[in-house]
Amino acid sequence: MTQNDYANSNVMGLTGTLLIRLIAGPLCDRFGPRYVFVGCLLAGAIPTAMAGLVTTPKGLIALRFFIGVLGASFVPCQVWCTGFFDKNIVGTANALAGGWGNSGGGITYFVMPAIFDSLVKNQHLTPHVAWRVAFIVPFIIITAIAMGLLFTAEDCPTGKWADRHLILDSIAAGNSNSSASSVKNVGEKGQSIADAEKTDDAASKQVTAVDAAQGEVVVAPTFKEAMGVIFSLQTWALAAPYACSFGGELAINSIIGSYYLKNFPKLGQTGSGRWAAMFGLLNVVFRPAGGVVADIIYKYTGSVWSKKMWVVVCGVSMGCFELAIGLSNPHHEATMFGLVAGLAVFMDASNGAIFAVVPHVHPFANGILSGCTGAAGNLGGIVFAIIFRYNGTHYSKVIWIIGVISIAINIAVCWINPIPKRQIGGR
């Protein structure tokens, strides 16, 4: 395979994920995230098992497109978490789930070579056959997880997806009981008319709470409503920064090993690969950290604006680290690894912070919003991967270009109100 074939396969894999994420969002709103999650896993498991049958670069490029379906499982994962957790902690839940998902890219650097070595040494397979057989292992793991979700998990807190509206009945019943109790107290305690009016005002506020809860129940939006969500400023204010953070992560993750090998030839292929794996593994800690910090800020401020400002801080800081790496192009290992670690901290935290804001925006169409935001991440990855492709091994140049784009986009959307003015719920 040539370098261009390798780059084209990366772009094709990202394209497959992008398209399926866009489709998965509306499907989550209509059929529930659990079934969409299972569908993505099973649909991606089959081409994963068939990876060993590929014999040409074109075959690999086509296969990468279909394996990209697995990446779309991120959308139902986030929609599912959002449905089970309150706004006060949903950032932590989403970021933790997403962080473990992202870290899979780093874990793969260690696990797949270990499986390959085991097949060669213990099963006495030739290297040509061993790498093909190794792909059966992820197929088994993915299929087992899909079956576990299908047969043991629930769609939402009320059970089946079709029953997700039942939570409104309990809220309405609670309000009715509260109103009846207030009326009884007026009669028993001889409250004044003014006190009775205050009671009525409180009851009206409780009805508003019911409306707010109703606005947060996911529905299957009409085409007009879907277009309104897709083209709203709030959607773009989340999608654009995610294109920079997750898109940059995807693109840099695909070249970071080669970049290390170019600047530090003594590391060798294995050493550079292991250091590259650390870039993905840091997601285990710092993507959840982005969500945790967002939730802590929200707890003390009660404002979604505070979460949004945290997104901007992470995005701009990420861009600054990209500029530092790209412009200095370190040839000292400690400097390089330190800067890349700093980049990973804010890049991963930005991913987590963005999906701490997503549940607050257009909550009735959380699937569509999650799908659009997630797809934007892949779109950013495709754009940045293409820039890498046409700059050859000038990795540092492309990294500072990504940094400039990231800073510019995060600043450009920082003024947009995180929640539409007429939105009911989500606050």
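Since the structure is predicted, the reported quantities are computational estimates derived from the model, not experimental observations. Position numbers for residues start from 1 in each chain and track the written sequence from start to end. Since the coordinates come from a predicted model, pLDDT governs what is reported: local features require at least 70, and pairs of side-chain atoms require 80 or more to be given and counted, while whole-chain, interface and lining totals use all residues. Excluding hydrogens and water, the side-chain values take into account all heavy atoms of the structure.

S.K.: Tell me about the overall build of the chain, residues and numbers included.
M.R.: What the chain contains, in helices and strands, is 17 helices and 0 strands. When each of the 427 residues of the chain is scored for burial, the buried share is 47%. Taking as baseline every contact in the chain between residues at least 6 positions apart, the subset at least 24 positions apart corresponds to 81%. Surface accessibility in these figures is a Shrake-Rupley result with a 1.4 Å probe; residues are shielded only by whichever protein chains are displayed. Of the roughly 19,800 Å² that the chain leaves accessible, carbon and sulfur atoms contribute 69%. What counts as a helix is a DSSP run of H or I of at least four residues, what counts as a strand is a run of E of at least two, and both are numbered from the N terminus. Note on exposure labels: buried denotes an accessible area under 20% of the residue type's maximum, exposed denotes more than 50%, and partly exposed covers the range between, all computed with a 1.4 Å probe on protein chains only. Whether two residues are in contact is decided by their heavy atoms, any of which lying within 4.5 Å being enough.

S.K.: Describe the confidence of the model for the chain, and please don't skip the residues or the numbers.
M.R.: Caution is warranted with low-pLDDT regions, since their predicted coordinates should not be read in detail. Residues at a pLDDT of 70 or more form 87% of the chain, whose mean pLDDT is 85. Across residues 179-184 the pLDDT falls below 50, and counting only partners more than four positions away or on other chains, this stretch makes 4 contacts in the model. Confidence of the predictor at the level of single residues is given by pLDDT, which spans 0 to 100. Of the regions scoring below 50 in pLDDT, residues 186-207 engages in 11 contacts with residues more than four places distant in sequence or in other chains.

S.K.: An account of the environment of Asn 263 is needed here, citing residue identities and associated values.
M.R.: In this structure, Asn 263 sits in helix H11 (residues 233-263). One polar contact links the side chain of Asn 263 to the main-chain carbonyl oxygen of Pro 330, over a distance of 2.8 Å. Side-chain atoms alone can form a polar contact between residues adjacent in sequence; in general such a contact is a pair of N or O atoms within 3.5 Å, and within protein one must be able to donate a hydrogen while the other accepts it.

S.K.: Would you mind going over unusual backbone geometry in detail, with residue names and values included?
M.R.: Of note, the phi angle at His 124 is positive, near 60°, even though the residue is not glycine. A positive phi angle, near 45°, is found at His 362, a position not held by glycine. Mapped onto the secondary structure, His 362 falls in the loop between helix H15 (333-357) and helix H16 (366-389).

S.K.: Before we move on, could you go through helix H13 (residues 283-301) and cite the residues and values that matter?
M.R.: Any helix carries an expected span of 1.5 Å times its number of residues minus one. The terminal C-alpha atoms of H13 lie 27 Å apart, and with 19 residues this matches the ideal 27 Å at 1.5 Å per residue to within 8%. Those residues of H13 not exposed but buried are Asn 283, Arg 287, Pro 288, Gly 290, Gly 291, Ala 294, Asp 295 and Tyr 298. Positioned one or two residues after H13, Gly 302 has a phi angle of 65°, which is positive.

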